[in-house]
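Residue-level structure breakdown
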Amino acid sequence: MEERHRAFFKSYCTECHNAEKQKGQVRLDDLSFVMDSVENADRWQKILNQINSGEMPPEDSKQPERGAKTEFLDALSRTLMTARRTLGDSGGKITMRRLNLREYKNTLRDLLGVEVNPSELPVDGGAGTFDTIGSSLFMSPDQVERYLVIGRQALEESFARYGTAPSSNAGAGNLAPTKLHVEAEDRANKLMETIVKTNEGAMERYQQWTAAVDRVAAKPENAALVKELRELPVVKTQPFHFYTQWQKRNPEPSPKTFKFSDADEAEFLRGQYRKSQYAKDYLRLPHRDTGAFLTIGVFNNAITCTPNPKSTPGSYILRIRIGATKESPKERRFLQLGQTTDVKHVGNFSLLSTHQISGTIENPEILEIPVTIGVNDGRSFAVREKVDTRTKGYDIWMETLQKTGTGPVPALWIDWMELEGPLKDPAQARIQALLTVNSEDRLGARKVIERFAIQAFRHRAPSPEYLEKVLGVYEMRIKAGDKFQAALKEALSVVLASSQFLYLSEPTPEDKPRLLNGLELATRLSYFLWSAPPDETLLALVRTGALGRPEVLVAQVDRMLHSEKSREFVTGFTKQWLRLDRLDFFQFNTQLYREFDDSTKDAAREEVFQTIEHLLRSNGSLRDLLKADYVIVNGLLAQFYGLEGVTGDAFRKVPLPKDSPRGGLLGMAAIMAMGSNGEHSSPVERGAWVLRYLLNNPPPPAPPNVPQITRLNGQLLTTRERLLAHQEQPQCASCHRAIDPIGFGLENFNAIGKWRTEDTYQALDPNGKPIRNQVKTWNIDASAAFHKGPAFKNYFELRNLIASRPDLLARGFTENLIAYALGRPFGFTDEALANTLVQRALKSQFAMREFVQALVASKEFHSK
């Protein structure tokens, strides 16, 4: 730490903690300002904690001036951050690591042609690290058991898809595709007719029964009971419950007299009456005899297509002939596809995709959506109008009912749904060749196990001893009475739970740095850019010895980044680099922000991925992440942003109007939404995010025992006033003076990233409940100044200042890229490598692909 702070330390710390006077048995006068050991840094961390907590200096001692204390805390916090990074440096060593969950899933997919769900396995990585960091990828005995279970499931599905019978017989994958056709009106009309018939005359009979109850209740001898029932809370809030409460105390007049089984059925059918009226209106709609209208909230809110339980697992196409009504507003012209286990009520709806509808009833369009059916899937495909799962459709229906007297007017019409498959799989021949058995005996099993193990171990041949052990599992199952195929699957599942499959091995017998061989380099490269094993092109270059040539590597990186498989790098790296998982940390208040439903949130997240992917594919500049005159959006997100003329589900490059707040990460809804709590924007979260990811100047962790901003919730203050009040504490000011100004500059974005010019705050009591008539509204002031830096008048000037320092973004991006690719935290010994990458990229105006090319060409990438 800089020597200029020694005077502060001496004045307020060492006079009580020196050789002669050691309060609390703590001596500090011998403490070095050079943090060159973990023990030394740990002592300084304890000092920081004590000063931040307000414990030191004690109240009866001389107190430092506020500004001096803030400066000291800031310097100490930042020095400790540097010390942690330096002292925790691995020195370039890469820990042997297992496949993370993404890599495990992709490796099984490439090997067996099936998608598995590894969600039952423990989450990868430690706090703030990438899921490629070897030291954070732990393994437990229970985890090995889970690998065995998942491996069996993957083998079951692969066998069912591709077949493993002797080569003379056809495998399951050779079956001709089948087609399941569903006419939407067949289901919808029957449902509506049933509802009308069930409720026919129900309201009239209900009124007759309640009138009979009223006549009996009017008798003088029942006055006390009536008064008692009228005072019940349920009756006071909903008077019609008087009749069910009466029935509990009086058997007469009986509901059975009016053809109700009991009072509860009578009450239920009374509630169904409005739905019955809605069903009658539905049956009068035009075109309902040739298709079905999707409704919201009550019934027929989804149309389902249920595959045959015996359907062959594999890839299918779901076709939907659909159109929107002429009267439907543009925000209701979106369809959600999901899967459900409850066909009748469409419960447990699992969203798969969202689609914008451009067809009409007169001129419908046919959507073709790829879907997958697994072994014993047991789920139906369901489509519905786009409604967030957390906003109850029934509530929307009731709101409309109160306004118009009927439910929402349908917006989408479906003619039919069709499921066709399984489709021909490009991997079919390869996987069938891998799994085909020549003879159902020990020799046939051994050949399959050996062939399978070589592929599973990424082209490393297993030892004869290993093969015999796995073959022993097969023999044990045969002796136990299993049939050949079941015994073979059990043996192969052991291969999928072995260390040779689960770990990326780059052995160094002498524990010294060495260059990777060709196969190791191909494997490291493919898991870096694809999170999957090397393909045949890379393996062919390994066999010829050409992969290590610089010009070959450049060509291969370009090829791999243009492949669809590079999507794994884009999503895996970007999500962790920018901490996009925060988007799912809290629930957005869908009563306040109904338009930010699951589909919109998914589209907002996808915008970040698509932008990074665009820059990689086009070799665009990293500068575009700070400011750009375009966005990468689809029809749904364009509508959310208010951009005209953009329709369809595909993301594409769209030019922005002049002075648009969009363009670059700061203009993206996902980034701004992460800087909120789902209801209100948070300048602190946003400012810290900008410092951490765009300016490569992360603030230190919040100190313990710091006063919470929530203590001001009962006061009618603007956001700026609340945070400035919080800064009155020196331990708060040391961080907030750098964080908050940036956050103020982003306040024109609300909690879901939409532009606004004013904000409102509702005061809360200590229990978090709104205080009546305590609301404050103000015009947003986005002006501020960087700590010890330039001032800005609004968001646009703030964005320009941040965009003027692309070198800071480039440096942070580089450090994260190195850590992700090499599987270890960025350390002190990586400084030279990072400088090389940034300097090379600078020559091409920070072209994004140059960072990747420079890293792959480096000695560090080629070394173990």
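Since this is a predicted model, take the numbers as computed values, not measurements.

Counting through the fold element by element, Ser158 comes out in helix α5 (residues 141-162). A polar side-chain atom of Ser158 sits 2.9 Å from the main-chain carbonyl oxygen of Leu112. Residues within four places of Ser158 in sequence aside, it is in contact with Leu112, Val114, Gly163, Ile431 and Leu435.

Direction vectors running N to C along helix α14 (residues 442-456) and helix α15 (residues 464-479) enclose 130 degrees, while the axes themselves pass 10 Å from each other. In terms of axis orientation, α14 runs oblique to α15. Here α14 and α15 pass one another in a crossing that is right-handed. The residues of α15 that touch α14, namely those facing Arg442, Ala445, Arg446, Ile449 and Glu450, are Leu467, Glu468, Val470, Leu471, Tyr474 and Glu475. Among the residues making up the contact of α14 with α15, the classes are represented as six nonpolar, no polar and five charged.

On to the pattern of salt bridges. Under the defined criterion, the tally for this structure stands at 60 salt bridges. Among the ionic pairs, Arg720 bridges to Asp781, the shortest N-O distance being 3.8 Å. Linking Arg720 in helix α26 (residues 719-726) with Asp781 in the loop between β15 (770-779) and β16 (784-785), this pair joins segments that are 61 residues apart in sequence. Given the relative accessible area of 22%, Arg720 is considered partly exposed. With relative accessibility at 41%, the residue Asp781 sits in the partly exposed group. Three or more residues joined by partner-sharing salt bridges are found here, namely Glu71, Asp74, Arg78, Arg737 and Lys788.

Glancing now at the pairing of strand β9 (residues 380-385). Walk down a regular strand and you will see the side chains alternate between the two sheet faces. With six of six residues buried, β9 lies mostly within the body of the structure. Note that strand β6 (residues 334-340) and β9 share six bridges and pair antiparallel. Bridge pairing in β9 links Leu337 to Val383.

Moving on, we get to helix α18 (residues 518-529). The first and last C-alpha atoms of α18 sit 17 Å apart over 12 residues, in line with the 16 Å expected at 1.5 Å per residue. Of all 12 residues that make up α18, 11 are buried, and the element is covered over most of its length. Taken as a whole, α18 has its buried residues at Leu519, Glu520, Leu521, Ala522, Thr523, Arg524, Leu525, Ser526, Tyr527, Phe528 and Leu529. One or two steps after α18, the chain reaches Ser531, where phi turns positive at roughly 55 degrees.

Criteria and thresholds
- Residues numbered from 1 in each chain as written.
- Predicted model: local features only at pLDDT ≥ 70, side-chain atom pairs only at ≥ 80, totals over all residues.
- Heavy atoms only, no water.
- Helix = DSSP H or I, 4+ residues; strand = E, 2+ residues; numbered from the N terminus.
- Polar contact = N/O pair within 3.5 Å; in protein donor to acceptor, adjacent residues only side chain to side chain.
- Contact = heavy atoms within 4.5 Å.
- Axes fitted to C-alpha atoms, helices over the stretch in contact; angles between N-to-C directions.
- Parallel < 35°, antiparallel > 145°, perpendicular 65-115°, else oblique.
- Left-handed = near helix turned anticlockwise from the far one by under 90°.
- Nonpolar A, V, L, I, M, F, W, Y, C, P; charged D, E, K, R; others polar.
- Salt bridge = Lys/Arg side-chain N within 4 Å of Asp/Glu carboxyl O.
- Buried < 20%, exposed > 50% of the residue type's maximum accessible area, 1.4 Å probe, protein only.
- Pairing = 2+ DSSP bridges.
- Expected span 1.5 Å × (residues − 1).

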